[in-house]
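What follows is each chain in one-letter form.
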Amino acid sequence: MCLAVPGKVLSLHERDGTLMSTVDFGGVHKDVCLQYIPDAAVGDYVVVHVGFAIQRLDEQSALQTLAEFERLGVLNEEFGDGFAIAAKQAGLDNPETTEQPDDPEVTS
């Protein structure tokens, strides 16, 4: 599922001539392109879709939306461990967290 998720602009920087920012999505920080909202400032809330800020949002609406997404488990789907989520959906153990034997027995 792809969602547009609200987040708070923490910092601004330029990368290869493109206006970028670090955005906080309820504790998860991601790099976001601000080219569509070039006048966004640190502290603003923006709606982000596939790595692009597409709209500015007031703080109350942003926090309410984040709280609802958290309640529904949507933030974990968007920002959680992709391997763990896929393994859970498939009914399998996550290969990244399953213990592997230290010294597997080799027979020849």
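Residues numbered from 1 in each chain as written. Predicted model: local features only at pLDDT ≥ 70, side-chain atom pairs only at ≥ 80, totals over all residues. Heavy atoms only, no water.

For clarity, the threshold we go by: UniProt positions are given in the numbering used here, feature names are shortened, and annotations may be inferred rather than shown by experiment.
The name an unreviewed UniProt entry assigns to the chain is Hydrogenase expression/formation protein HypC, from the organism Nocardia amikacinitolerans. The Sequence similarities (unreviewed entry) field of the UniProt record for the chain holds the comment "Belongs to the HupF/HypC family."

Details of the environment of Tyr 45
Put simply, the test is: Under the scheme used here, helices are H or I runs from DSSP no shorter than 4 residues and strands are E runs no shorter than 2 residues, and both carry numbers assigned from the N terminus. In what follows, residue pairs with any heavy atoms lying within 4.5 Å of each other are defined as contacts.
Topologically, Tyr 45 is positioned in strand 4 (residues 45-49). Separated by 39 residues in the primary sequence, Tyr 45 and Pro 6 place their C-alpha atoms 6.5 Å from one another. Setting aside chain neighbours within four positions, we find Tyr 45 in contact with Gly 7, Lys 8, Gln 55, Arg 56, Leu 57, Glu 59, Ala 62 and Leu 63.

Observations concerning the pattern of salt bridges
Using the following cut-off: Criterion for a salt bridge: a side-chain nitrogen of Lys or Arg within 4 Å of a carboxyl oxygen of Asp or Glu. Each residue's exposure class comes from its accessible area (1.4 Å probe, protein chains only) as a fraction of the maximum for that residue type: buried when under 20%, exposed when over 50%, partly exposed otherwise.
One pass over the structure, following the stated rule, counts four salt bridges. Taking the shortest distance from any N to any O, the salt bridge between Arg 71 and Glu 68 comes out at 2.6 Å. With a gap of three residues between them, Arg 71 and Glu 68 both fall in helix 1 (residues 59-72), about one helical turn apart. Using a relative accessible area of 61% as the deciding quantity, one classes Arg 71 as exposed.

Regarding the pairing of strand 5 (residues 52-57)
Where we set the bar: When DSSP locates at least two bridges between a pair of strands, those strands are taken to pair.
Bridging between strand 4 and strand 5 involves five bridges; their strand directions are antiparallel. Residue pairing across strands places His 49 opposite Phe 52, the latter belonging to strand 5.

A word on the side chain of Ser 21
Mapped onto the elements of the fold, Ser 21 is located in strand 2 (residues 18-25). Sequence-distant contacts of Ser 21, that is, excluding residues within four places in its chain, are made with Val 9, Ser 11, Leu 12, His 13, Lys 30, Asp 31, Val 32 and Leu 34.

A look at the packing of aromatic side chains
Inclusion rule: Aromatic rings from Phe, Tyr and Trp, with only the six-membered ring used for Trp, were paired whenever their centres fell within 6.5 Å, and each pair was classed as stacked if the ring planes differed by under 30 degrees, edge-to-face if by over 60, and tilted otherwise.
In total, this model carries one aromatic pair according to the counting rule given. For the ring pair Tyr 36 and Phe 52, a centre distance of 5.6 Å and an interplane angle of 40° mean the geometry is tilted. Of this pair, Tyr 36 sits in the loop between strand 3 (28-33) and strand 4 while Phe 52 sits in strand 5, and the two are 16 residues apart along the sequence. A relative accessible area of 33% places Phe 52 in the partly exposed class.

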